[in-house]
Amino acid sequence: METLIVIPARYGSKRFPGKPLAVLAGKPILQRVWEIAEFVCSRRSNCSAVVATETPSENCPSDKIVDFCRAAGIPVVVTSDACRSGSDRAWEVASAAERRPDVVVNLQGDVPTCPPDFVLRLIAALESDPDSSVASVYVQLSWDALDALRAAKRESPFSGTTTVLDANERALWFSKNIIPAIRKESELRAASPTSPVKRHVGLYAYRYDALKFFANSTQSYYERLEQLEQLRFLENGYRIKMIEGAYPQGYDQTTSGVDSQDDLARVEEIIRKNGELLDFYR
């Protein structure tokens, strides 16, 4: 199976300008993400990776990302202004690739703590489930983690996405609300340390034709309401295979990317205390 890992990396982040090149524990964030992709490709045949950045402009001088990648020997592609999301950027790269990939992985350039095992298992999930067009990851929340998510949503209602699955571990739905609603919660808490809530991790592997559909279609109704692009697939009958992910010890609070200087400091402390992520897999 021909696999292409695309790493969307925008210099012009509004909340954190220059984020991909911000130094995290001695290395730029983008370098760390690239090393994750390299690790995955070293474990699979017919696998390649490339950074996809935006067209340079006065406010988004992504030529800095191009210069960094070329100096580091990292393949990089400049994508057009028409790209509205990382998935669109991934499609532009995949559709122009010299060899058409069977599977395209969208590995965001601001997730330096993404376990490589997640990526490997997503690719394997599409290999073993021919009826699914997309694969993604969830983590099963403990009650403490669910309490923390509820507290975060009181401050930022649209932070954190949850999902519910069918009997075949395919997604039924995703929401910025916490789903499912839980009756008799006290009984469930007494019976198990694990809550029934699954938090979605925004990492995707797409079959080529599914990504083509996404890039050439318009926002669906619920996608527009929730601002969750994966709902476009569900609303149009595509199946999303989900795998349960588990983070290495100490990395379990890193399910989202680095979006601020505070995030940068938090993840740097996690690395200092627990060691380098890739050391858990070597």
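So, here's what we can say about the structure. Predicted model, so just to flag it, every value in this text is computed and none were measured. (Residues numbered from 1 in each chain as written. Predicted model: local features only at pLDDT ≥ 70, side-chain atom pairs only at ≥ 80, totals over all residues. Heavy atoms only, no water.)

Re the overall build of the chain
Working step 1: Within the chain, the regular secondary structure consists of 10 helices and 11 strands.
Working step 2: For 282 residues, the compact-globule estimate of 2.2 N^0.38 gives 19 Å, and the chain sits close to it at 18 Å.
Working step 3: Projected onto its principal axes, the C-alpha coordinates of the chain cover approximately 55 × 40 × 40 Å.
Working step 4: For the chain, the proportion of its 282 residues judged to be buried stands at 54%.
Working step 5: Long-range pairs, those at least 24 residues apart, make up 72% of the contacts in the chain between residues at least 6 apart in sequence.
Working step 6: Charged side chains of the chain number 35 positive and 38 negative; the gap between the two group centres comes to 3 Å. (Helix = DSSP H or I, 4+ residues; strand = E, 2+ residues; numbered from the N terminus. Rg over C-alpha atoms; globule rule 2.2 N^0.38 Å. Buried < 20%, exposed > 50% of the residue type's maximum accessible area, 1.4 Å probe, protein only. Contact = heavy atoms within 4.5 Å. Lys, Arg positive; Asp, Glu negative; His and termini not counted. Charge placed at Lys NZ, Arg CZ, Asp CG, Glu CD.)

Side note on the packing of helix α3 (residues 86-95) against helix α7 (residues 208-215)
Working step 1: Contact geometry for α3 and α7: axes closest at 9 Å, N-to-C directions at 125 degrees. In terms of orientation, α3 lies oblique with respect to α7. At the point where α3 passes α7, the crossing takes the left-handed sense. Along its contact with α3, which presents Ser87, Asp88, Ala90, Trp91, Ala94 and Ser95, the element α7 presents Tyr208, Leu211, Lys212, Phe214 and Ala215.
Working step 2: Each residue belonging to the contact of α3 with α7 can be placed in one class, and the counts come to 7 nonpolar, 2 polar and 2 charged. (Axes fitted to C-alpha atoms, helices over the stretch in contact; angles between N-to-C directions. Parallel < 35°, antiparallel > 145°, perpendicular 65-115°, else oblique. Left-handed = near helix turned anticlockwise from the far one by under 90°. Nonpolar A, V, L, I, M, F, W, Y, C, P; charged D, E, K, R; others polar.)

What to know about the side chain of Gln31
Working step 1: Note that Gln31 resides in helix α1 (residues 29-42).
Working step 2: Assessed through its relative accessible area of 18%, Gln31 is described here as buried.

Let's talk about a nonpolar patch on the surface
Working step 1: A contiguous nonpolar patch, built from Tyr221, Tyr222 and Leu225 and spanning about 340 Å² of accessible area, is present on the exposed surface.
Working step 2: With respect to the helices and strands, Leu225 occurs in helix α8 (residues 221-226).
Working step 3: For Leu225, a relative accessible area of 54% corresponds to the exposed category. (Patch = residues over 30% accessible without salt bridge, like charges linked within 9 Å, V, L, I, M, F, W, Y side chains within 5 Å. Areas by Shrake-Rupley, 256 points an atom, 1.4 Å probe, with all protein chains shown as cover. Salt bridge = Lys/Arg side-chain N within 4 Å of Asp/Glu carboxyl O.)

Re the environment of Asn177
Working step 1: Turning to its location among the elements, Asn177 is positioned in the loop between β9 (171-175) and α6 (185-191).
Working step 2: With residues up to four places along the chain from it excluded, the contact list for Asn177 reads Thr162 and Glu226.

Quick look at the pattern of salt bridges
Working step 1: For the coordinates displayed, the defined rule picks out 18 salt bridges.
Working step 2: Between Arg170 and Asp129 there is a salt bridge, with the nearest N and O atoms lying 2.9 Å from each other. With Arg170 in the loop between β8 (162-165) and β9 and Asp129 in the loop between α4 (116-128) and β7 (134-142), this pair connects stretches of sequence that are 41 residues apart. The burial state of Arg170 is the same as that of Asp129; both residues are buried.
Working step 3: In the salt-bridge network here, residues are joined through shared partners; they are Asp147, Arg150, Glu185 and Arg189.

Notes on the packing of aromatic side chains
Working step 1: If you walk through the whole model with that rule in mind, you get 11 aromatic pairs.
Working step 2: Ring plane angle 80 degrees and centroid distance 5.9 Å describe the contact between Tyr251 and Phe280, whose orientation is recorded as edge-to-face. Pair noted here: Tyr251 is in the loop between β11 (240-244) and α10 (261-274) and Phe280 is in the segment after α10, with a separation of 29 residues, a long-range link.
Working step 3: Among the residues examined, Phe280 registers a relative accessible area of 37% and is labelled partly exposed.
Working step 4: Pairwise contacts between aromatic rings join Tyr204, Tyr206, Phe213, Phe214, Phe233 and Tyr238 into one cluster.
Working step 5: It is Arg43 that lies over the ring of Phe39; its NZ or CZ is 4.0 Å from the centre. (Phe/Tyr/Trp six-rings, centres within 6.5 Å; stacked < 30°, edge-to-face > 60°. Lys NZ or Arg CZ within 6 Å of the ring centre and 35° of its normal.)

As for the nonpolar core
Working step 1: Ile5, Ile7, Val51, Val105, Leu107 and Leu203 are the most contacted members of the largest nonpolar core, which totals 59 residues.
Working step 2: With 9 residues, the top contributor of residues to this core is α1.
Working step 3: Every residue in contact with Leu203, bar those within four places of it in the chain, is listed here: Val105, Asn106, Leu107, Cys114, Phe118, Val119, Leu122, Ala135, Ser136 and Val137.
Working step 4: Within the second largest apolar cluster, 28 residues are counted, among which are Val104, Phe213, Phe214 and Met242. (Core = buried A, V, L, I, M, F, W, Y, C linked by side-chain atoms within 4.5 Å.)

In short, the description is geometric, and any link to function would need to be established separately.
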